[in-house]
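# Inside the fold
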Amino acid sequence: MSFLNLAKERFSTRDFLTKPVEEDKLLEILEAARISPSAVNRQPWHFVVVRDENLKEKIVEAYPRDWFAKAPVFIVACGDHTESWKRDDGKDYCDIDISIAVTHIMLAATDLGLGTCFVGAFDVDKCRQALKLPKHLEPIALIPLGYPAKKDSTKRFNTRRKALSEIVHYDGFDSNIKEQ
Ligand SMILES: Cc1cc2nc3c(=O)[nH]c(=O)nc-3n(C[C@H](O)[C@H](O)[C@H](O)COP(=O)(O)O)c2cc1C
């Protein structure tokens, strides 16, 4: 599959089958996260894989949605702000590094026929407590992982994304691209 087709196949999966995720597929997805690029190669991340039902219930308390609870695996992507690179103006690249790694996870999962969703709107304190995270680690994304119950159409990109003409600027911000 071409990269663009793979990227279009990915969608935020909000309905999962109970079918378990095979160990080799999980490892391949985690390997995709491991090789992700990061600012100054600091790799300021930890990935907590949650499959234990009791622990899953505690994570669901941090993001109480039925569809989320149905995923057989959660990956919690955590950032280490003590390791992440800071630019001269103080900007911390931790969230950016984690987001790129999560993108690797989502695309690798898609490639293997699995579904994911980047979940950011969760209760950080509840997640921290459930995983007993040390203070220097921030849970940044919850990623439910499993087989999708149904697919989303790639046609959604025709309407649910801005047009290139709205977002691309050549040779400076004011010059818009020509209509094609
Ligand atoms: C940083 C980030 C945070 C997100 N947080 C949530 C979330 O908390 N809950 C959710 O259902 N979807 C969440 N999403 C998924 C977006 O809603 C979704 O990517 C967007 O609507 C586009 O749809 P698509 O992923 O199916 O192409 C998040 C996505 C990103 C990139």
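Data block above holds the structure.
The sections below set out a description of the structure shown in this document. Quantities reported herein were computed from a predicted structural model and do not represent experimental measurements.

Conventions we followed
- Residues numbered from 1 in each chain as written.
- Predicted model: local features only at pLDDT ≥ 70, side-chain atom pairs only at ≥ 80, totals over all residues.
- Near = placed C-beta within 6 Å.
- Nonpolar A, V, L, I, M, F, W, Y, C, P; charged D, E, K, R; others polar.
- Pairing = 2+ DSSP bridges.
- Helix = DSSP H or I, 4+ residues; strand = E, 2+ residues; numbered from the N terminus.
- Contact = placed C-beta atoms within 7 Å.
- Axes fitted to C-alpha atoms, helices over the stretch in contact; angles between N-to-C directions.
- Buried ≥ 20, exposed ≤ 12 C-beta atoms within 10 Å, placed from the backbone.

### As for the site of the ligand
Surveying the vicinity of the ligand reveals the residues Phe11, Ser12, Cys117, Phe118, Val119, Gly120, Ala121 and Asp152. For the shell around the ligand, a count of residues per class yields 5 nonpolar, 2 polar and 1 charged.

### Quick notes on the sheet that holds strand β2 (residues 73-80)
With respect to topology, 4 strands assemble into an open sheet ordered β1-β2-β4-β3, the strand pairing being antiparallel. Pairing within the sheet leaves two strands with one partner each, and these edge strands are β1 (45-50) and β3 (115-116). In this structure, β3 lies alongside strand β4 (residues 137-146), joined through 2 bridges in antiparallel fashion. Looking at the pairing, glycine 115 lines up with glycine 146 of β4. Of the strands in this sheet, β1, β2 and β4 touch helix α3 (residues 53-62), which is tilted by about 115 degrees from β1.

### Notes on the pairing of β4
The buried fraction of β4 is high, at 9 of 10 residues. Note that β2 and β4 share 8 bridges and pair antiparallel. In the strand pairing of β4, glycine 79 is matched with glutamate 138.

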